[in-house]
Amino acid sequence: MLNMAQGGLLALGGYIAMWAMQAMGWPAPLAALAAMAAGAIAGGLIFVAAARPMLGGEGFETRIFIATIGIGLMLESAILKTFGPQPQAQSLKLEGGIMLGQVNLPWQNVLIFVTALLMLVLVAGMLNRSRLGRAIRATSMNRDAAQLMGVPIRRIYLTILMLSGALAALSGIMISSMSGLLPNMGADPMLKAFIICVVAGLGNVPGAALTAFAIGMLEAVIQYIFGVQYAFAILLCLVIAVLIWRPQGVFGHKEVVRL
Amino acid sequence: MIRSPVRRDVVIALVLFLLMLAVPLLTGTRYVLTQLTVFFIWAVVASQWNLVLGVAGIFSLAQMALFAVGAYATAMLAYYIGLMLPAAMLLAALVTVGVSLVIGFACLRLKGPYVALLTLAIGQVMYLLVVNDTACFTTPASGCLPLFGGARGFSRFGDLGFRDLFGSKWYVGHYYTGLVLLLAAQLFCIAIIHGPLGLVFRGLRDNPGLALARGVSRMRYQLWVFGLSAFFTGLAGAFHAAHFGVVGPTAFAFAMLLFILAMIVVGGLGTTWGPLIGAALLMWADEGLREVSDWREIGIGLVLAGCVILFPKGLAGIRFRFSQGRGQKPDAPPAPPPHTSPV
């Protein structure tokens, strides 16, 4: 399922981490855990409020998409009302860096890189190796068949929504530590993440990681050569060209439609 | 007496049209008439978007970008070439159809919600290109003007000429223009929905596998519905530009897109009258919520999510839903129409 509230969850994680450190005075690891817990709870609420009543109903994909747009809008407005519209700095941040030759590498970037890599490996390992991962993959391939085989799809959806909520919250902390906190900060990363998933081919975690890296590099190069304002536009034209060439994505397999 | 659904819908459309014709004679207040004019515009956009989203089942969010293309094309044609506004509006609608076909060709290879995000991204790119464009294209008296108007947009590109015709009552002219536009768009929708094209669109939506097996080309017909609905969407954008006399990047705003999407979903996806009911209801609610404008976004989000979850068929589908719930068969099933629709 496509969760359009993901951008809101990103912002939620960032703000909760800041609030936990500033208002509550918690140490950084605890603040990160609190943010992830908030993300997981929000994900669980999305399941209870939207996904569970619709599961098995007609047009699930379309309806959940629209419903999560509404939920994301409410979430962002709630953050806006609570924390105000001014951009704020993320408190959870490492200071200093290391000099590698001529290049200053901030510890913050190292932390982000390591965390992202760790999460990727964990998610990919969980999806490919564990029983839960197999159930998740089965549900995404064919929900009805998975249910007939005894996969408890409701619990799978709940788990997935909570897990992705927690991961979104963690990414929100990392992104806001670089660019600052804004209630609608999740919109751009969400759009980009989605484009990466489509280009890579859906449901392919290593492919998505590779594509994310390639697209990030490409964007930096385009920004350097043509200027910042054209980067996203040129990138999108390339993406469209790729999709016309391979609608199933670069790493995806051609889908066989059965009646 | 009225058996065929086409005749029923056309009769409803004409009766509503006649009722609305009389409104300026009964209440002359400018507030009511301009408010209704804006309603006509959003109702046209909602009904055309519904053709793509509800009837054909293509999850496109490009409709607001197409609306903006219509508005911008009108302003640019009038501003740069000095075209009369009615001519500029018609030409702009055709430009919108062209743009929609390009977008459609790129996006329709994808499926389902993946179309949604790519079309959304395309709208976003158009917005960024317009706003970030700061190079001067011309330098009128007011200063520098980029090719697409930049962050300020266009103004003073002419009007529809009703100020000369009716003087201070010019808004009555706009009211009737909007009304005729809505009638034309709605009759067009009725013709599509009950006609053979509507059957093909619904076939591709409900069972793409079977439709493909029967020799229906998915790409070709989805491009058809994309291009056809773009015409009136572009025209609505053009009329929006003419009515307000300004065109700016707010035409691309995500909040506006959600507002129109909410109209369709609340009214009833894929129904003939749902988008109009939804447009009327949401605009009325929005006017009422003006005093608590802080809560507007939360309100729209709540309405959007709540309606999808509670009323899958929208308000237009509630009667049907209730009668089914009591275990009765509805006396006149709304779909499907006979194979030989007299359109």
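Anyway, here's the lowdown on the structure attached to this text. (Residues numbered from 1 in each chain as written. Chains lettered and ligands numbered in written order. Predicted model: local features only at pLDDT ≥ 70, side-chain atom pairs only at ≥ 80, totals over all residues. Heavy atoms only, no water.)

### Structural notes on the overall build of chain A
Of the regular secondary structure elements, chain A holds 10 helices and 2 strands. When the helices and strands of chain A are placed in sequence order, the string is α-α-α-β-β-α-α-α-α-α-α-α. Its C-alpha radius of gyration of 19 Å places chain A within 12% of the 18 Å reference for a compact globule of 259 residues. Along the first, second and third principal axes, the C-alpha atoms of chain A reach 60 × 45 × 35 Å. In chain A, which comprises 259 residues, the share counted as buried stands at 43%. Contacts spanning at least 24 positions in sequence make up 68% of the contacts within chain A whose residues lie at least 6 apart. With the model as given, the accessible surface of chain A reaches about 13900 Å², and the carbon-plus-sulfur share is 68%. Separation of charge centres in chain A, based on 15 positive and 8 negative side chains, amounts to 11 Å. (Helix = DSSP H or I, 4+ residues; strand = E, 2+ residues; numbered from the N terminus. Rg over C-alpha atoms; globule rule 2.2 N^0.38 Å. Buried < 20%, exposed > 50% of the residue type's maximum accessible area, 1.4 Å probe, protein only. Contact = heavy atoms within 4.5 Å. Areas by Shrake-Rupley, 256 points an atom, 1.4 Å probe, with all protein chains shown as cover. Lys, Arg positive; Asp, Glu negative; His and termini not counted. Charge placed at Lys NZ, Arg CZ, Asp CG, Glu CD.)

### Describing the pairing of strand S1 (residues 97-100) of chain A
All names here are of chain A. Inspection of the sheet shows S1 paired to strand S2 (residues 103-106) by 4 bridges, in the antiparallel sense. Each bridged residue has a counterpart across the sheet, and for Ile 98 the counterpart in S2 is Leu 105. Between the end of S1 and the start of S2, which pair antiparallel, lie 2 residues, with Gly 101 showing a positive phi angle near 65 degrees. (Pairing = 2+ DSSP bridges.)

### Let's talk about the interface of chain B and chain A
When the parts come together, some accessible area is lost, and that loss is often what is quoted as the size of the interface. Of the residues lining the interface, 38 residues belong to chain B; the matching set on chain A comes to 39 residues. Of the roughly 3500 Å² buried between chain B and chain A on both sides combined, carbon and sulfur atoms contribute 83%. It is B:Tyr114, B:Leu117 and B:Ile309 in chain B that bury the most area against chain A; as a group they hold 17% of the surface buried on that side. Scanning the region where chain B abuts chain A turns up 0 salt bridges. It is helix H5 (residues 113-132) of chain B that contributes the most residues to the side of chain B that touches chain A, 13 residues altogether. Split into classes, the residues belonging to the side of chain B that touches chain A amount to 29 nonpolar, 5 polar and 4 charged. (Buried area = accessible area lost by both parts, 1.4 Å probe. Salt bridge = Lys/Arg side-chain N within 4 Å of Asp/Glu carboxyl O. Nonpolar A, V, L, I, M, F, W, Y, C, P; charged D, E, K, R; others polar.)

### Overview of a nonpolar patch on the surface
All names here are of chain A. On the surface, Leu 94, Ile 98, Leu 100, Val 103, Leu 105, Trp 107 and Leu 111 cluster together into a nonpolar patch covering about 580 Å² of accessible area. At the level of secondary structure, the elements contributing two or more residues to the nonpolar patch comprise S1, S2 and helix H4 (107-129). Following the sequence through the fold, Trp 107 ends up in helix H4. (Patch = residues over 30% accessible without salt bridge, like charges linked within 9 Å, V, L, I, M, F, W, Y side chains within 5 Å.)

### Remarks on the packing of aromatic side chains
Residues and elements named next belong to chain B. One pass over the structure, following the stated rule, counts 14 aromatic pairs over all chains. Relative to Phe 252, the ring of Tyr 127 lies with its centre 6.4 Å away and its plane at 65 degrees, an arrangement referred to as edge-to-face. In this pair, Tyr 127 is assigned in helix H5 and Phe 252 in the loop between strand S2 (246-247) and helix H11 (254-267), connecting sequence segments 125 residues apart. Overall, Tyr 127 belongs to the partly exposed group, its relative accessible area being 30%. Taken together, the aromatic side chains of Tyr 72, Tyr 79, Tyr 80, Tyr 127, Phe 154 and Phe 252 make up a single cluster linked through ring pairs. (Phe/Tyr/Trp six-rings, centres within 6.5 Å; stacked < 30°, edge-to-face > 60°.)

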